[in-house]
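Remarks on the overall topology
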Amino acid sequence: MSKKKILYDGKAKTIFEGPTSDTVIQYFKDDATANNAEKHSIINGKGVLNNSISDYLMKKINEIGIPTHYIKKLNMREQLVRKVEIIPVEFVVRNIAAGSIVKRLGLKEGSVFSRPLIEHYLKKDELGDPLINEDHIVNFKWGTRDELDEMLEYGLRINDFLRGLFFGIGLKLVDFKIEFGRYYSEEGNSILLLADEISPDNCRLWDINTNKKMDKDLFRQELGGLKEAYQEVANRLGILPEKKKYSSTKPELVK
Ligand code: TMP
């Protein structure tokens, strides 16, 4: 692990000071937590996989014109990113009913929404990250109306893009959580950037053919096989060079 000064030690990542005052280093840990850290395990290699998956997805999201904090991957577990002031709101985009919304609204897991559903949660562990609405965000000045509009637009564009990307490798993007931060330019202007990470820790991914879960629900629901599932996601994305890339066609029988 880096010997640099720790700025923040989170549940799945540690943030270290970066080489310049406007950058930080994100270190991906092997810790897996659920239920607001009531449940905790170490899953060897999870951090390495999430670093690679997030590196790949953030680069792609940058390429479609959505500004992100991502600068570059430094090594197996670390990324150099822009230092941002995190907006204390988690944006969840849902395409299919799963997780907390199923319990809260009595929905059937797996029912498909007619259009993507956006929810906001306050980032506050002490309160268990409660569900909030747009009025809370603007009223309590967690974000401005303009920032909120921009985050909503980015969230929907990221959803469209990632849904297609995952569909292409045989996975349904059920839902995901993203976070944004304010980056201050030298002139002092605030620029909204996608921050944090995008990995199977904060997405739900189901296999298109079998509906097998390939995300952190394997840990939350004690189903096992989390590392293998994350490896499979990385493999299908084509970012595990030592393994054969995923093929959507059936393998030929060996005679
Ligand atoms: P939920 O169904 O538990 O509300 O989760 C919705 C999505 O957000 C799911 O993909 C997991 C992700 N998520 C996080 O990444 N961090 C969190 O703290 C929570 C509650 C959810």
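Here the structure is shown first, and the text comes after it.
Anyway, here's the lowdown on the structure attached to this text. Every chain's residues receive numbers from 1 upward, in the order its sequence appears when written. Side-chain atom pairs in this predicted model are given and counted only at pLDDT of 80 or more, local residue features only at pLDDT of at least 70, and totals for whole chains, interfaces and linings cover all residues. In computing side-chain properties, one takes all heavy atoms of the structure into account and sets aside hydrogens as well as water.

Only DSSP runs of H or I with at least four residues qualify as helices, and only runs of E with at least two residues qualify as strands; both kinds are numbered from the N terminus onward. A helix's residues, less one, multiplied by 1.5 Å, set its expected span. Helix length check: helix α1 (residues 46–63) (18 residues) gives 26 Å between terminal C-alpha atoms against 26 Å at 1.5 Å per residue, within 8%. Remark: exposure states derive from per-residue accessible area (1.4 Å probe, protein chains only) relative to the maximum for the residue type, with buried under 20%, exposed over 50%, and partly exposed in between. Listing the buried residues of α1 in full gives K46, G47, L49, N50, N51, S52, I53, S54, D55, L57, M58 and I61.

Here we take up the site of the ligand. What makes a residue near a molecule or strand is one non-hydrogen atom of that residue sitting within 4 Å of it. In the vicinity of the ligand there are 16 residues, among which R94, S100, D175, N202 and R204 approach most closely. Polar contacts, as used here, are pairs of N or O atoms within 3.5 Å; protein pairs need one atom able to donate a hydrogen and one able to accept it. Residues neighboring in sequence count only if both atoms are side-chain atoms. Side-chain polar atom of S100 to an oxygen atom of the ligand: 2.6 Å apart, as the coordinates give it. Note on areas: Shrake-Rupley, 1.4 Å probe, and residue coverage restricted to the protein chains presented here. Relative to its unbound accessible surface of 440 Å², the ligand loses 79% to contact with the protein. At the level of elements, β9 (89–96), β12 (171–184) and β14 (203–207) are the ones that each hand at least two residues to the shell around the ligand. Three categories are distinguished: nonpolar for Ala, Val, Leu, Ile, Met, Phe, Trp, Tyr, Cys and Pro, charged for Asp, Glu, Lys and Arg, and polar for the others, with Gly belonging to the last. Of the residues in the shell around the ligand, the class split is 5 nonpolar, 3 polar and 8 charged.

Before going further, it helps to spend a moment on the packing of aromatic side chains. Between rings of Phe, Tyr and Trp, where Trp is taken as its six-membered ring, a pair exists when centres lie within 6.5 Å; planes separated by under 30 degrees are stacked, by over 60 edge-to-face, and by other angles tilted. Overall, the coordinates contain 4 aromatic pairs when judged by the stated rule. Taking 6.3 Å as the distance between ring centres and 85° as the angle between the ring planes, the aromatic pair formed by F16 and Y27 counts as edge-to-face. Separated by 11 residues along the polypeptide, F16 in strand β2 (residues 13–17) and Y27 in strand β3 (residues 23–28) bring together distant segments of the chain. Across the pair, Y27 and F16 agree in class, each one buried. Where F140 meets W142, the ring centres are 5.1 Å apart and the plane angle is 50°; that geometry is what we call tilted. Using a relative accessible area of 22% as the deciding quantity, one classes W142 as partly exposed. Three or more aromatic residues joined by ring pairs form one cluster here, namely F91, Y154 and F180. In this scheme, Lys NZ or Arg CZ marks a charge over a ring once it lies within 6 Å of the ring centre and within 35 degrees of the ring normal. The ring centre of F219 lies 4.4 Å from the NZ or CZ of K39, which sits over that ring. Cation over ring: R82 sits above Y183, and NZ or CZ is 5.6 Å from the ring centre.

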